[in-house]
Amino acid sequence: MSKESFLKVYANLPINIRREIVLVLDKEGPITWEVAYLEISNNTKLGDIILKKLSEMKVI
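Here the structure is a predicted model, which means the values were calculated and not measured.

About the thresholds
Residues numbered from 1 in each chain as written. Predicted model: local features only at pLDDT ≥ 70, side-chain atom pairs only at ≥ 80, totals over all residues. Heavy atoms only, no water. Helix = DSSP H or I, 4+ residues; strand = E, 2+ residues; numbered from the N terminus. Rg over C-alpha atoms; globule rule 2.2 N^0.38 Å. Buried < 20%, exposed > 50% of the residue type's maximum accessible area, 1.4 Å probe, protein only. Contact = heavy atoms within 4.5 Å. Areas by Shrake-Rupley, 256 points an atom, 1.4 Å probe, with all protein chains shown as cover. Pairing = 2+ DSSP bridges. Axes fitted to C-alpha atoms, helices over the stretch in contact; angles between N-to-C directions. Parallel < 35°, antiparallel > 145°, perpendicular 65-115°, else oblique. Left-handed = near helix turned anticlockwise from the far one by under 90°. Phe/Tyr/Trp six-rings, centres within 6.5 Å; stacked < 30°, edge-to-face > 60°. Lys NZ or Arg CZ within 6 Å of the ring centre and 35° of its normal.

Engineer: Help me out: how do you make sense of the overall build of the protein in this one?
Structural biologist: When its secondary structure is counted, the protein shows 3 helices and 2 strands. Shown N-terminal to C-terminal, the secondary structure of the protein runs as helices and strands in the order α-β-β-α-α. For the protein, the C-alpha radius of gyration of 10 Å lies close to 10 Å, the compact-globule estimate for 60 residues. When its C-alpha atoms are laid out on the principal axes, the protein stretches across 30 × 25 × 20 Å. Relative to its 60 residues, the protein shows a buried fraction of 30%. The contacts of the protein with a sequence gap of at least 6 include a subset with a gap of at least 24, amounting to 47%. Accessible surface computed for the protein: about 4200 Å², of which carbon and sulfur atoms make up 54%.

Engineer: What is the right way to look at the pairing of strand β2 (residues 29-32) in this model?
Structural biologist: Both faces of the sheet carry side chains from a regular strand, because those side chains alternate between them. With 4 bridges connecting them, strand β1 (residues 21-25) and β2 associate as antiparallel partners. Bridge pairing links Leu 23 to Ile 31 in β2. Connecting the antiparallel pair β1 and β2 is a turn made up of 3 residues.

Engineer: Explain the packing of helix α2 (residues 33-41) against helix α3 (residues 45-56) here, please?
Structural biologist: Two measures define how a pair of helices packs: the angle their axes make with one another and the distance between the axes. Across the interface, α2 lies against α3 with an axial gap of 7 Å and an inter-helix angle of 120°. What the angle tells us is that α2 and α3 run oblique. Remark: the crossing between α2 and α3 carries left-handed chirality. Taken together, the residues of α3 that come into contact with α2 (itself represented by Ala 36, Glu 39 and Ile 40) are Leu 46, Gly 47, Ile 50 and Leu 51.

Engineer: Before we go on, may I ask you to explain the packing of aromatic side chains in this structure?
Structural biologist: Here a ring pair, both rings aromatic, is described through the centre-centre distance and the interplanar angle of the planes. On inspection of all chains with the given rule, the structure shows 3 aromatic pairs. Relative to Tyr 10, the ring of Phe 6 lies with its centre 5.8 Å away and its plane at 25°, an arrangement referred to as stacked. In this pair, Phe 6 and Tyr 10 are both assigned in helix α1 (residues 2-11), 4 residues apart and thus about one turn of the helix distant. Each member of the pair, Phe 6 together with Tyr 10, is buried. Aromatic side chains Tyr 10 and Tyr 37 sit 4.6 Å apart centroid to centroid with 10° between the ring planes, which places their arrangement in the stacked category. Linking Tyr 10 in helix α1 with Tyr 37 in helix α2, this pair joins segments that are 27 residues apart in sequence. Taking the relative accessible area as the measure of exposure, Tyr 37 reaches 31% and is therefore partly exposed. A network of ring pairs unites the aromatic residues Phe 6, Tyr 10, Trp 33 and Tyr 37 as a single cluster. The aromatic ring of Tyr 10 is capped on one face by Arg 18, whose charged end is 4.3 Å from the ring centroid.

Spelled out as structure tokens, the structure:
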């Protein structure tokens, strides 16, 4: 469910907002919407972490 929610939010973001930081992870540092999209759409472990954090923060 979270992946679909993320994709809906991402699709509605203005292009210039996609370059902004949405999340800061301890080891990886700042994550922009664009990086989050790439990681989530490629089903990486980092993408799973990003989805979890965004869900916890109620961003998606």
